[in-house]
Amino acid sequence: AKETGKARAVVYSVREEGLPQHDISLEAAMFSAVREGEFLLYYQPIVDARTRLIEGFETLMRWKHPTLGMVPPVRFIPIAETNGLINLLGAWALKAACMQLRQFEEAAGRDLYISVNISPRQFRNDKFLEVLDQALALADLPGAKLVLEITEGTLMVDPQHAETILTRMAERGARIAIDDFGTGYSSLAYLKRFPISVLKVDRAFVKDLPGAHKEAAICSAVLDMARHLDLVVVAEGVETDEQLGWLQQRDCRYVQGYLTGKPMPAHVALTALQDNHYT
Ligand code: C2E
Ligand code: CA
Ligand code: CA
Ligand code: CA
């Protein structure tokens, strides 16, 4: 019995550390998932911190696997980034999101915007600007209603190339948001160099507000800096009234988090829009 116990322990530890093997099957499943249409888009409200009025939505990808259930993006986006599927998935998401915005605006009876995550590989892809133009044309959407979320890392790989692409994006009126702001390894010099409009302050700095002194100092500093640079701030991961109150007091323009709306399918987002009034 001792022997078996030992052998089992070994098998378990191999299994636990055997993530790569598991990912290979996940990767294989991704290709059929594309064919079977198992990828979906969820939408999370981005709201005015003062009025709680929905101003836009961030598009978040979901994979509904027939037996595994919902596979979180942290599991499948890195794989798609490695094997290149992200270009296909990202192009689909961009087009679908632009078209979805039209329906959201119709339901709300006012202007909204849509925010879409662009992965590093997508950003570097030769066809990216073409895909962007196609998405805007297909939905007949002015570029100004689109926000493209990129990370500091995306900018740092090849700043020269990034500058070219960002300038082209800005020419179309699309706004650029720095996602997970403050978590990457980069200097602030890029805020001067590139046409950036939005800073999305990472949840890491928001989650322990208002009690945590260092996080509070960082958030205050980012908000001050953004004001002087004419940048809009979105605080990510806002979960409590206390966090919201703290951010409101410091004139943070937008918040996004479970407090004001979780990521939801489009039909639920439509209902949320209908129930969303000035407070
Ligand atoms: P992200 O772009 O930073 O997206 C925000 C993440 O925070 C989302 O996780 C969202 O569900 C979660 N979140 C929002 N509010 C709260 C909150 O109040 N509390 C907590 N604990 N979490 C909150 P999700 O949907 O699992 O996405 C994870 C990451 O996967 C995203 O992080 C993004 O980097 C990536 N991702 C998702 N969809 C796409 C996509 O279409 N394309 C690309 N390239 N990446 C995507
Ligand atoms: Ca994002
Ligand atoms: Ca983020
Ligand atoms: Ca994040």
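Use the structure listed above.
Conventions and cut-offs
Residues numbered from 1 in each chain as written. Chains lettered and ligands numbered in written order. Predicted model: local features only at pLDDT ≥ 70, side-chain atom pairs only at ≥ 80, totals over all residues. Heavy atoms only, no water. Helix = DSSP H or I, 4+ residues; strand = E, 2+ residues; numbered from the N terminus. Rg over C-alpha atoms; globule rule 2.2 N^0.38 Å. Buried < 20%, exposed > 50% of the residue type's maximum accessible area, 1.4 Å probe, protein only. Areas by Shrake-Rupley, 256 points an atom, 1.4 Å probe, with all protein chains shown as cover. Lys, Arg positive; Asp, Glu negative; His and termini not counted. Charge placed at Lys NZ, Arg CZ, Asp CG, Glu CD. Salt bridge = Lys/Arg side-chain N within 4 Å of Asp/Glu carboxyl O. Near = heavy atom within 4 Å. Polar contact = N/O pair within 3.5 Å; in protein donor to acceptor, adjacent residues only side chain to side chain. Nonpolar A, V, L, I, M, F, W, Y, C, P; charged D, E, K, R; others polar. Contact = heavy atoms within 4.5 Å. Donors = N, O, S within 2.8 Å, 3.2 Å for Na, K, Ca; no water. Core = buried A, V, L, I, M, F, W, Y, C linked by side-chain atoms within 4.5 Å.

**Some details on the overall build of the protein chain**
Link 1 in the chain: The number of helices and strands found in the protein chain is 13 helices and nine strands.
Link 2 in the chain: By the compact-globule yardstick of 19 Å for 279 residues, the protein chain fits well, its C-alpha radius of gyration being 20 Å.
Link 3 in the chain: With the C-alpha coordinates aligned to their principal axes, the bounding extent of the protein chain is approximately 65 × 45 × 45 Å.
Link 4 in the chain: Per-residue burial over the protein chain gives 45% buried out of 279 residues.
Link 5 in the chain: Summed over all atoms, the accessible surface of the protein chain reaches about 14400 Å², with 54% contributed by carbon and sulfur.
Link 6 in the chain: Averaging the coordinates of the 30 positive side-chain charges in the protein chain and doing the same for the 36 negative ones gives two points 3 Å apart.

**Some points on the pattern of salt bridges**
Link 1 in the chain: The final tally for this structure, using the stated rule, is eleven salt bridges.
Link 2 in the chain: Its salt-bridge partner being Glu105, residue Lys145 comes within 2.7 Å of it at the nearest N-O pair. Linking Lys145 in the loop between α6 (128-139) and β5 (146-151) with Glu105 in helix α4 (residues 85-108), this pair joins segments that are 40 residues apart in sequence.
Link 3 in the chain: In the salt-bridge network here, residues are joined through shared partners; they are Glu58, Glu149 and Lys200.

**Quick word on the site of ligand 1**
Link 1 in the chain: Surrounding ligand 1, one finds 19 residues, the nearest of these being Met61, Arg62, Asp179, Glu239 and Tyr258.
Link 2 in the chain: One of the side-chain nitrogen or oxygen atoms of Glu58 is found 3.2 Å away from an oxygen atom of ligand 1.
Link 3 in the chain: Within the backbone of Tyr258, one N or O atom sits 2.8 Å away from an oxygen atom of ligand 1.
Link 4 in the chain: Protein contacts shield 81% of the accessible area of ligand 1, which totals 800 Å² for the unbound molecule.
Link 5 in the chain: Going through the elements one at a time, β2 (54-65), α3 (73-83) and β6 (175-181) are the ones with two or more residues in the shell around ligand 1.
Link 6 in the chain: When residues of the shell around ligand 1 are assigned to their parent elements, the largest contribution, four residues, is made by β2.
Link 7 in the chain: For the shell around ligand 1, the residue count by class is seven nonpolar, five polar and seven charged.

**Thoughts on the environment of Pro263**
Link 1 in the chain: By the secondary structure assignment, Pro263 is in the loop between β9 (254-256) and α13 (266-274).
Link 2 in the chain: Put simply, Pro263 and Phe57 are 206 residues apart on the chain and 9.0 Å apart in space, counted from C-alpha to C-alpha.
Link 3 in the chain: What Pro263 contacts, discounting residues up to four positions off in sequence, is Tyr42, Tyr43, Gln44, Leu60, Arg62 and Tyr258.

**Side note on the coordination of the calcium ion (ligand 2)**
Link 1 in the chain: Summarising the metal site, the calcium ion (ligand 2) is bound by the protein donors Glu58 (OE), Asn117 (OD1), Glu149 (OE), Asp179 (OD) and Asp179 (OD), whose distances to it range over 2.1 to 3.2 Å.
Link 2 in the chain: By relative accessible area, Asp179 is classed as buried at 9%.

**Thoughts on the nonpolar core**
Link 1 in the chain: Within the largest apolar cluster, 80 residues are counted, with the highest numbers of intra-cluster contacts made by Phe104, Met169 and Ile196.
Link 2 in the chain: The biggest single contributor to this core is α4, with ten residues.
Link 3 in the chain: Formed by seven residues, the second largest nonpolar core is a distinct cluster that contains Ala177, Val198, Val234 and Tyr254.

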